[in-house]
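# Architecture and fold: a report
Spelled out, the chains give:
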Amino acid sequence: MHSLNDILQAKSIAVVGASGNPEKMGHTLLNNIIKGDFGGGIYPINPKEESILGKECYKSLGDVPGSVDLAVVCVPGKLVRDVVDEAGKKAVKGLIIISGGFKEIGNDGLENEIVAIAKSYGMRIIGPNCQGVNYTGNKMCATWPFVKTKGSIGVVSQSGTIGAEMELLAEKDGIGVSCFAALGNKSDISEVDFVNFFADDPHTKVIALNIEGIREGSGFIEALRAAAQKKPVVILKPGRTEKGRMAVASHTKSIAGNDRLFGAFCRKYGIIRALDLTEFYDFCKMASFVARPGGNRMLVVTSSGGAGILATDTAEENNIDMILLSDGLKSALGKVLPPQCVLSNPLDLTGDARAERFANAFEALCKDQSFDILLPIFGDPIPGAYEVTETLRKKTKAAVVVSYLGGGADQEAEVALMNANRMPVYPTPERAVKSARAVLGLLR
Amino acid sequence: MHKLIEKAAGERRNLLEHECLALLMEYGIAAPRHALVKSAGEALQAAGEIDYPVALKIVSPDILHKSDAGGVKVNLKTGDELRRGFDEILENVGRNAPAAKIEGLLVMQNIKQGIECIIGMTRDAQLGTALMFGLGGIFVEVMEDVSLCLLPVSKDEAADMVRSIKGYKLLAGYRGGEPCDMDAIADAILKIGALAENNPEIAEIDVNPLFAYPRGVMPVDARILLRGSQVPPTNGDLEHT
């Protein structure tokens, strides 16, 4: 029996149902695999075409001269059965079946049939009725949208859209993902396979899961517990409300289960729970970077009084301790800061603060150990923000989490530098505080 | 299997209140003095030993909600009140739950009011066994203000369960009141955890209310449901949660 690993590490891919028509899925998939610089053989399969996107086209899987590890299938549902059989004869290791027309429309018989055929050849199936997989570790974008940026967040998602948005958010920040997978009907390969794969995958630092229900006896809970021992796991599991649970039931026909109990489960095993899509991405980003606070005591250094207050409120609501500045620290800060600065927490450097004033404050703070989290908030355009914060980061024991807002083009440039250097930066102070809080859960 | 559980399971019923209290006591949670009686005469004798005032409660495997069936009388101060209470309870139950099998009545030491808490246990086939803590009455029912922790529960986690409910201020000494005995509450949580851990046949535990005082705690009522057993759907079934 082959494994998920054989699919993700495929050395050659056939796209069955590849098309020359740019409006067809079979075109998009082939194009994304080519554009992603997949290093192995790429074989379009279509009996009516000579070549597509510069690749020689074959009439059937059997006609491909070399071996085929993975077949991406996007033919109409009623043709899938024959394709699976042919793939088996070609000794294909795994199938990603994009095509629909199976259990999702009550066609259980057909789905069971293709699963049985695949099994008889030892082949594994992702799908059917799925959005495919992007594994950047193998430059294999067998899905859409096209995302190439390589990163360390491994995303597996019940919802294709939510997973794809995670990829796009990560790409926008320039931090990328290690993997994106949307599993559709999960006739064979499920989240359990991906969780186990991610737990040992050197490209994946954080496991990001969007699930709606948990199948009893699937081993998912056990896999989750084991994976959380190895690396951070972030879960987005919607259906927290009564109506949300009803929506889950109609979307995936699964039971959302007792939400509070699931929350207790996450707390017990150090699994990070995100309540919405923003948190899902933010927490994954935080956990994928190295900053890991040693406790919940926080100091905020800000050029914006208003943003500092938002950070304070969020800290209070999330059981983060806004420390009181010691007299020693106040006097050290007083010596290097102009008189209008407010020597308190938040430490308000006031609106005319530029990078130099932050640097002076950081210098006075970096040896202090009365806080575990240092949150610099850069409000307004402050060039050089990254550099002074990087200098601080090298000297302090505290975890540095940044918020940068209201800074226009300067902000964009600085934030890009921060992301590129794995410094967690968020556009709002609330998101920065909540993300710092989320990874605190990993401490136990 | 614990002999009380074995007996109840054999009779395909859940544990009766005095059996629940016996189990709690076995696990180190002090319960009010009580006695199961079959007649008014036995009740009078038991009350004499327990000391007035006492409470009287119906004991029936078919009645889950005793008050709703008219099966509870509290603060009975004299033998006369006790005798009257005894007759009234049997009358009420005969009317409200005619098919219910009556095991007897429980004479129980009247317990002074404390802060009403609830400690519960529930099992989930996938996630495991969870303990629940909350404040009684509307706090649990309306505000859903409870904390949960999966077994095994450590001492720190039990303390955290007590601290993390929104109504914690009520326990910590509201408006100059003396704070409740947090250690005793956390300790009761741990003991109920042990009860759940050692007895896999138990499906659900509901200690409600557990009175919390500045010193100590006291369970006043408890339900323990067994796996596979159920209250038969007769007239006696007064469950309407």
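Analysis parameters
Residues numbered from 1 in each chain as written. Chains lettered and ligands numbered in written order. Predicted model: local features only at pLDDT ≥ 70, side-chain atom pairs only at ≥ 80, totals over all residues. Heavy atoms only, no water. Salt bridge = Lys/Arg side-chain N within 4 Å of Asp/Glu carboxyl O. Helix = DSSP H or I, 4+ residues; strand = E, 2+ residues; numbered from the N terminus. Patch = residues over 30% accessible without salt bridge, like charges linked within 9 Å, V, L, I, M, F, W, Y side chains within 5 Å. Areas by Shrake-Rupley, 256 points an atom, 1.4 Å probe, with all protein chains shown as cover. Contact = heavy atoms within 4.5 Å. Buried area = accessible area lost by both parts, 1.4 Å probe. Polar contact = N/O pair within 3.5 Å; in protein donor to acceptor, adjacent residues only side chain to side chain. Nonpolar A, V, L, I, M, F, W, Y, C, P; charged D, E, K, R; others polar. Pairing = 2+ DSSP bridges. Axes fitted to C-alpha atoms, helices over the stretch in contact; angles between N-to-C directions. 1 Å grid on protein atoms, 1.4 Å probe; cavity = no way out; pocket = protein on both sides within 12 Å on 5 of 7 lines; lining within 4 Å. Points joined across faces, edges and corners; volume = space filled by probe spheres on them. pLDDT = per-residue confidence, 0-100. Lys, Arg positive; Asp, Glu negative; His and termini not counted. Charge placed at Lys NZ, Arg CZ, Asp CG, Glu CD. Buried < 20%, exposed > 50% of the residue type's maximum accessible area, 1.4 Å probe, protein only. Domains from an automatic or database assignment.

## Description of the pattern of salt bridges
Per the counting criterion, the structure on display carries 30 salt bridges over all chains. Between Arg393 of chain A and Glu390 of chain A there is a salt bridge; the shortest N-O distance is 3.0 Å. A residue pair is termed a helical-turn pair when its members lie 3 or 4 positions apart in one helix, as Arg393 of chain A and Glu390 of chain A do in helix 14 (residues 385-395) at 3 residues. Its salt-bridge partner being Arg163 of chain B, residue Asp160 of chain B comes within 3.6 Å of it at the nearest N-O pair. In this pair, Asp160 of chain B and Arg163 of chain B both sit in helix 6 (residues 155-163), 3 residues apart, roughly one turn of the helix.

## As for a nonpolar patch on the surface
Together, Ile138, Val142 and Met143 of chain B give the surface a local cluster of nonpolar side chains, amounting to about 320 Å² of exposed area. Checked against the element boundaries, Met143 of chain B lands in the loop between helix 5 (138-141) and strand 7 (146-150).

## A look at the interface of chain A and chain B
Reports often express the size of an interface as the amount of accessible area lost when the parts come together. Across the contact, 13 residues belong to chain A and 14 residues belong to chain B. With both sides pooled, the region where chain A packs onto chain B buries about 1200 Å², and carbon together with sulfur makes up 59% of that total. Per-residue buried area on chain A facing chain B is highest for Arg260, Leu261 and Lys268 of chain A; these three make up 52% of the total on that side. Our count for the contact surface shared by chain A and chain B stands at 1 salt bridge. With a closest N to O distance of 2.9 Å, Glu157 of chain B and Lys268 of chain A form a salt bridge. In this structure, the connection of chain A to chain B is made through 5 residue pairs in polar contact (both at pLDDT 80 or more). For the side of chain A that touches chain B, the leading source of residues is helix 9 (residues 259-268) of chain A, giving 7 residues. Considering only residue class, the side of chain A that touches chain B consists of 7 nonpolar, no polar and 6 charged.

## Observations concerning the sheet that holds strand 6 (residues 94-97) of chain A
All names here are of chain A. Read from one edge of the open sheet, 5 strands run 2-1-5-6-7, paired in parallel fashion. The strands lining the two open edges of the sheet, one partner per strand, are strand 2 (41-45) and strand 7 (124-126). Taking each pair of neighbouring strands and ignoring which way they run, the sheet shows an average axis angle of 20°. Of the strand pairs in this sheet, strand 6 and strand 7 are connected by 3 bridges, and their pairing is parallel. Considered in strand 7, the bridge of Gly94 is made with Arg124. With respect to the sheet, helix 3 (residues 80-89) is in contact with strand 1 (12-16), strand 5 (70-73) and strand 6, its orientation differing from that of strand 6 by roughly 160°.

## Considerations on the layout of surface pockets
Of the pockets and cavities examined, the largest pocket occupies roughly 1900 Å³. Every residue lining the largest pocket is counted, 43 residues in all, and those nearest its centre are Arg267, Asn319 and Arg437 of chain A together with Asp160 and Ser164 of chain B. Secondary-structure elements contributing two or more residues to the lining of the largest pocket are helix 9, strand 14 (272-274), helix 10 (277-288), helix 11 (305-317) and helix 16 (429-440) of chain A together with strand 7 and helix 6 of chain B. Considering every element that reaches the lining of the largest pocket, the biggest residue donor is helix 9 of chain A, with 7 residues. Counted by class, the lining of the largest pocket contains 16 nonpolar, 9 polar and 18 charged residues. Estimated volume of the second largest pocket: approximately 1500 Å³. Around the second largest pocket, the lining comprises 43 residues; the ones closest to its centre are Ile118, Glu141, Asp206, Asn208 and Arg223 of chain B. Ranked by residue count, the leading element in the lining of the second largest pocket is strand 8 (residues 202-212) of chain B, at 6 residues.

## Focus: the confidence of the model for chain B
Residue and element names in this part refer to chain B. Summarising the model, chain B shows a mean pLDDT of 91, and 95% of its residues fall at 70 or more. This model gives residues 231-241 a pLDDT under 50, and the stretch forms 28 contacts once residues within four places in sequence are excluded. Across the interface, the model reports ipTM at 0.81; the global pTM reads 0.88.

## Structural notes on a negative patch on the surface
Residues and elements named next belong to chain A. Together, Asp313, Glu316, Glu317 and Asp321 line one region of the surface with negative charge. The biggest single contributor to the negative patch is helix 11, with 3 residues. With respect to the helices, strands and loops of the structure, Asp321 is situated in strand 16 (residues 321-322).

## Structural notes on the side chain of Asn345 of chain A
Residue and element names in this part refer to chain A. Note on placement: Asn345 falls in the loop between helix 12 (327-336) and strand 17 (347-348). Asn345 gets classed as buried once you look at its relative accessible area, which sits at 13%. A polar side-chain atom of Asn345 sits 3.0 Å from the main-chain amide nitrogen of Val300. Engagement of the side chain of Asn345 in a polar contact is seen with the backbone oxygen of Ile323, the distance being 3.0 Å. Setting aside anything within four residues of it in sequence, one finds Asn345 in contact with Met298, Leu299, Val300, Met322, Ile323 and Leu325.

## A few points about helix 14 of chain A
Taken together, the buried positions of helix 14 of chain A are Ala385, Tyr386, Val388, Thr389, Glu390 and Leu392 of chain A. Those residues of helix 14 of chain A hidden inside the fold are in contact with helix 13 (355-365), strand 18 (373-379), strand 19 (399-400), strand 20 (402-405) and helix 15 (408-420) of chain A.

## Side note on empty space enclosed by the protein
Residue and element names in this part refer to chain B. A full pass over the atoms with the stated rule returns 1 cavity of 30 Å³ or more. Roughly 160 Å³ of internal volume is contained in the largest cavity. In this structure, the largest cavity is lined by 15 residues; those nearest its centre are Leu15, Leu16, Glu17, Ser60 and Ile63. Listed by contribution, the elements that provide at least two residues to the lining of the largest cavity are strand 2 (54-59) and strand 10 (222-226). Looking at the lining of the largest cavity element by element, the count peaks at 4 residues for strand 10. Per-class residue counts for the lining of the largest cavity are 10 nonpolar, 2 polar and 3 charged. Two domains each provide a minimum of three residues to the lining of the largest cavity, namely domain 1 (1-32 + 113-241) and domain 2 (33-109).

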